[in-house]
Amino acid sequence: GPDDSYFVWKKNGQKMKACITEQSHMLFDGRVHVLSWVKDSVSENTEYKCSFISKVGNTTSEVRITVEDKDSAGQDGWTKEFDTWRSAISEHDKMMQNWRKTW
């Protein structure tokens, strides 16, 4: 990402300031790897938008989280999927920390 790049997170159209994690790592060729994510809990349907903004250009990703009843039959599947995502994020964080130590 360019030097002036930054993230803007919105939850249901409102700019978020808490629960946001950002990491940047210099690559050997002078480029920068930039990553941001949100740790949040929701009790109702929620829309998240993440915008990456720089002088070079902007891009936005969005996702809508749909909350089901706790007694819903899909709860077990969701719990397993959530655990898989949590594991993937944890592994990515460990990898980025190792890269930081290496560089």
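Here is what the cut-offs are and how they apply
- Residues numbered from 1 in each chain as written.
- Predicted model: local features only at pLDDT ≥ 70, side-chain atom pairs only at ≥ 80, totals over all residues.
- Heavy atoms only, no water.
- Helix = DSSP H or I, 4+ residues; strand = E, 2+ residues; numbered from the N terminus.
- Buried < 20%, exposed > 50% of the residue type's maximum accessible area, 1.4 Å probe, protein only.
- Contact = heavy atoms within 4.5 Å.
- Pairing = 2+ DSSP bridges.
- Core = buried A, V, L, I, M, F, W, Y, C linked by side-chain atoms within 4.5 Å.
- Salt bridge = Lys/Arg side-chain N within 4 Å of Asp/Glu carboxyl O.
- Polar contact = N/O pair within 3.5 Å; in protein donor to acceptor, adjacent residues only side chain to side chain.

A. Local environment of the overall build of the protein chain. Summing up its helical and strand segments, the protein chain has one helix and six strands in all. Secondary structure elements of the protein chain occur, N-terminal to C-terminal, as β-β-β-β-β-β-α. Counting across all 103 residues of the protein chain, residues that qualify as buried make up 17%. Relative to all contacts within the protein chain whose residues are 6 or more apart in sequence, the contacts with residues 24 or more apart total 48%.

B. Main features of the sheet that holds strand E5 (residues 46-53). The sheet built from four strands is open, its strands ordered E2-E1-E5-E6 with antiparallel pairing. Strands with a single pairing partner mark the edges of an open sheet, and in this sheet they are strand E2 (14-15) and strand E6 (58-65).

C. Region of the structure containing the nonpolar core. Listed in full, the six residues of the largest apolar core are Phe7, Trp9, Met16, Tyr48, Cys50 and Phe52. It is E5 that provides the largest number of residues to this core, a total of three residues. If we skip the residues at most four places from it in the chain, Trp9 touches Gln14, Lys15, Met16, Ile20, Ser36, Trp37, Val38, Lys49 and Cys50.

D. Molecular detail of the pattern of salt bridges. In this structure the tally under the stated criterion is three salt bridges. Between Asp83 and Arg86 there is a salt bridge, with its nearest N and O atoms 3.5 Å apart. Of this pair, Asp83 and Arg86 both sit in helix H1 (residues 75-102), three residues apart, roughly one helical turn. Across the pair Lys94 and Glu91 runs a salt bridge, and its minimum N-O distance is 3.9 Å. Remark: Glu91 and Lys94 occur in helix H1; sequence separation between them is three residues, near one turn of the helix.

E. Spatial organisation of the side chain of Ser51. Position of Ser51 relative to the elements: it lies in strand E5. Reaching out from Ser51, the side chain makes a polar contact with the side chain of Thr60 at a distance of 2.9 Å. Setting aside its immediate chain neighbours within four residues, Ser51 contacts Tyr6, Phe7, Val8, Thr59 and Thr60.

F. Representation of unusual backbone geometry in the model. Phi is positive for Asn12, close to 50 degrees, though the residue is something other than glycine. For Asn12, a relative accessible area of 37% puts it in the partly exposed group. Of note, the phi angle at Cys19 is positive, near 70 degrees, even though the residue is not glycine. Along the polypeptide, Cys19 turns up in the loop between E2 and strand E3 (20-26).

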